[in-house]
Amino acid sequence: MKTHEEKINEIVAALEGFPVNTIKGLIRSARADKGTRAAYELAAARRVLDTLVTEDEAEAFLGKLEAGSRRAA
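A.B. asks: Explain the overall build of the protein chain residue by residue, including any values.
C.D. replies: Secondary structure summary: the protein chain contains 4 helices and 0 strands in total. In terms of overall size, the protein chain behaves like a compact globule, its C-alpha atoms giving a radius of gyration of 12 Å where 73 residues would be expected to give roughly 11 Å. Considered along the principal axes of its C-alpha atoms, the protein chain spans approximately 40 × 25 × 15 Å. Counting all 73 residues of the protein chain, 29% fall into the buried class. A sequence separation of at least 24 residues applies to 62% of the contacts in the protein chain between residues at least 6 apart. Counting every atom, the protein chain has about 5000 Å² of accessible surface; 54% of that belongs to carbon and sulfur. For the protein chain, the distance from the average position of its 12 positive side-chain charges to the average position of its 12 negative side-chain charges is 8 Å.

Here it is in structure tokens:
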């Protein structure tokens, strides 16, 4: 049985080479979904995003998503 970290690392490996906008789209989609697979995808996509953009850019994007979720709720 694979550990959580191994599952996330597999998704990270699969996402390497995808453009930033695709990774951001996956984050938006995974945040809307429920379940274990979505949680793994979200964790992996955040790791990949951190390698593609600066920390400030990543935090700004994630902050906008959080603000949007709070407004929608």
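A.B. asks: Explain helix 1 (residues 4–15) to me, using residue names and the numbers behind them.
C.D. replies: Compared with an ideal rise of 1.5 Å per residue, which puts 12 residues at 16 Å, helix 1 spans 17 Å between its outermost C-alpha atoms and is within 8% of the ideal. Those residues of helix 1 that sit buried are Ile 8, Ile 11, Val 12 and Leu 15. Projected down its long axis, helix 1 shows its buried positions confined to an angular sector of 105°, all on one face. In the core, the buried residues of helix 1 are packed alongside helix 2 (20–32) and helix 3 (36–52). Residue Gly 17 follows helix 1 closely and has a positive phi angle near 95°.

A.B. asks: So what's going on with helix 2? Residues and values would help.
C.D. replies: For an α-helix, the turn length of 3.6 residues means that residues three or four places apart are oriented alike. Across its 13 residues, helix 2 extends 19 Å between first and last C-alpha, which sits within 8% of the 18 Å expected from 1.5 Å per residue. Those residues of helix 2 that fall on the buried side of the exposure criterion are Ile 23, Leu 26, Ile 27 and Ala 30. End-on view of helix 2: buried residues confined to an arc of 105°, all on one side of the axis. Opposite the buried face of helix 2, by more than 90 degrees, sit the exposed residues Asn 21 and Ala 32.

About the criteria used
- Residues numbered from 1 in each chain as written.
- Predicted model: local features only at pLDDT ≥ 70, side-chain atom pairs only at ≥ 80, totals over all residues.
- Heavy atoms only, no water.
- Helix = DSSP H or I, 4+ residues; strand = E, 2+ residues; numbered from the N terminus.
- Rg over C-alpha atoms; globule rule 2.2 N^0.38 Å.
- Buried < 20%, exposed > 50% of the residue type's maximum accessible area, 1.4 Å probe, protein only.
- Contact = heavy atoms within 4.5 Å.
- Areas by Shrake-Rupley, 256 points an atom, 1.4 Å probe, with all protein chains shown as cover.
- Lys, Arg positive; Asp, Glu negative; His and termini not counted.
- Charge placed at Lys NZ, Arg CZ, Asp CG, Glu CD.
- Expected span 1.5 Å × (residues − 1).
- Arc of directions from axis to C-beta.

Geometric values such as these leave the question of function open.
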